[in-house]
Amino acid sequence: MLLWSLLVILAPASAQADGLTLLAPSSVFEGDRIVLSCQEEKKRKIKTITYYKDETELLSLKKFSNFPIQRANFSDSGNYHCTATVGLWSWKETSQTVNIKVQELFRHPVLTASSFQPTEGGPLTLTCETRLPPQKSGVRLQFRFFRDDQALGSGWSRSAELHIPAMKTEDSGSYRCEAETLMSRIRKWSPQSQIHVQRIPISNVSLETQVPGGQVIEGGKLDLLCSVAEGTGDITFSWHREATGPSLGKKTQRSLTAELDILAVRESDAGGYYCTADNGHEPIQSKLLNILVRIPVSSPVLTITAPRAPAMVGDVVELHCEALRGSPPIVYQFYDKDVSLGNSSAPSGGGVSFNLSLTAEYSGNYSCEADNGLGAQRSEVVTLSISEADGCRGDLVIARALGGLFGVLAFTGGVVLFYHWSHKISGKSSATNTPRGVSSPNPQASTQPSPLFAMEDLQPEYVNVGSVGVDVIYSEVMGFRQPEDSANTRRPSLENKDSQVIYSSVKK
């Protein structure tokens, strides 16, 4: 039924002679099914029917029957006719010739590309272009793509395009595509096309670290990030220290950045670093990056220097605090127990000193603290003992001065007694030698000689004790003679004053 409907729609051409007609479609495309039908209009008895193409017998039948061509191709194009033998005498009848031309269902596809010299790392779109005739616009096609005769993607696809997101240098090669009808399996290949993937050279290599200011703490982690602004394909990154030979590490990857980790940084790791990148053209080097390694302070050492041992009240002692390791600047804090005495900074490292004038209450435990912003460290406690020897020494000097004073008083008393005694003896002698008959004008005076001042008349007014220099002590005793006046009262007379000054050396 389908065949006859097709023959009607296509307005079949016919060749008729002697009442014999050959029916064939007027338009044939490759892959179509062709049915040739030889008919006799007079309804005579037919013994045999034979089909011919270009005068070549194709098929001979003993009754009316059609001649089918299941899937037409270009070789089926030609001139067709049929013959029949009819009647008792086997008359031969021949139809007129019908020309059949098999048309191309779709042209050979053409492979097109968004670029036949794509950039490495960039996308590429391949298109398999072909066209169906208007009469066959409903025919469904499928496509697939090949590189160097290897199928790409998932194979057959209803889409005439293939999208490659990122081309590689190894993607260079010979490309072609294939188109096929789903029903008739008509396949056609496109011509081959060469695609060459271009590689972009490396440019603008830079080295940086995530540590602010390029400063890393000793023992910490250092991340060195090497990156390029441009460059395609596999890039080999390598890291180096300034003025050193072998690289610190290498990485090859299809990326514009790579990272090297130094897990535990040492003080010797400080210095200049750089990296290189290479994708096959030539290595490109970054600028130098200077890395500073900051060292936390060690526990400081506190030393106390005094002018004598033991330290005494009034001495000035020096407290010196120093951390043997640590990046400057370092701030030092001094403590008496837990009370801060003050702080001082060492901008270039080293230690600092703090002077302290001692009083008795400064005896105790001292410590210091060092801090450079990476953690404070406290020293061990140092005990400072202050002697009270200066006070004892002063008491000793006073005691010795008083002893000297008492000695002076004793000496002065001895002199007065001796003087008084000597004048008494002298008076007795003069009384004995007075000639008889001669009376003394003052018998009492002649019998009681008058000394310069009697012991009972010596009235100490004051005692002055002082020092001359460090090791010399003097004492001065002043007294007054008390003469009797008419009222029989005693008053001191400045004219009769006397004084004694005695100097004494005091041994320490």
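Predicted model, so just to flag it, every value in this text is computed and none were measured.

## Describing the nonpolar core
Item 1. L207, L224, F237 and W239 are the most contacted members of the largest nonpolar core, which totals 22 residues.
Item 2. Elements represented by at least two residues in this core include exactly β20 (203–209), β22 (222–230), β23 (235–241), β25 (257–262), β26 (271–278) and β28 (289–294).

## Structural notes on the sheet that holds β20
Item 1. Taken in spatial order, the three strands make up an open sheet running β20-β22-β25, and their pairing is antiparallel. Edge positions in the open sheet fall to β20 and β25, since each of these has one partner strand only. Neighbour-to-neighbour, the strand axes of this sheet turn through a mean angle of 15°, independent of strand direction.

## Things to note about the pattern of salt bridges
When their charged atoms lie close together, side chains carrying opposite charge are able to pair.
Item 1. One pass over the full model with this rule turns up 19 salt bridges.
Item 2. Because the salt bridges share partners, they merge into one network encompassing E120, E170, R199, D234 and R254.

## As for the pairing of strand β35 (residues 364–371)
Item 1. The sheet contact formed by strand β32 (residues 330–336) and β35 spans six bridges and is antiparallel. Within the sheet, the bridge partner assigned to Y335 lies in β35 and is S367.
Item 2. Looking at chain direction, β35 and strand β37 (residues 382–384) are connected through three bridges and run antiparallel. By the bridge assignment, Y366 is partnered in β37 with V382.
Item 3. In this sheet, strand β36 (residues 377–378) lies alongside β35 in antiparallel orientation, the contact comprising two bridges. Residue pairing in the sheet places A370 in a bridge with Q377 of β36.
Item 4. Hairpin geometry of β35 and β36 is characterised by an intervening segment of five residues between the two adjacent antiparallel strands and by a positive phi of about 90° at G373.

## Brief notes about unusual backbone geometry
Item 1. Across the junction of A309 and P310, the peptide omega takes the value 0°, indicating a cis bond.
Item 2. One non-glycine residue with positive phi stands out, namely E55, at about 65°.
Item 3. The topology assignment puts E55 in the loop between β5 (46–53) and β6 (56–61).
Item 4. With phi around 65°, D149 is a residue other than glycine that occupies positive phi space.
Item 5. Mapping D149 onto the fold places it in the loop between β14 (141–147) and β15 (150–151).

What counts, and at which threshold
Residues numbered from 1 in each chain as written. Predicted model: local features only at pLDDT ≥ 70, side-chain atom pairs only at ≥ 80, totals over all residues. Heavy atoms only, no water. Core = buried A, V, L, I, M, F, W, Y, C linked by side-chain atoms within 4.5 Å. Buried < 20%, exposed > 50% of the residue type's maximum accessible area, 1.4 Å probe, protein only. Helix = DSSP H or I, 4+ residues; strand = E, 2+ residues; numbered from the N terminus. Pairing = 2+ DSSP bridges. Axes fitted to C-alpha atoms, helices over the stretch in contact; angles between N-to-C directions. Salt bridge = Lys/Arg side-chain N within 4 Å of Asp/Glu carboxyl O.

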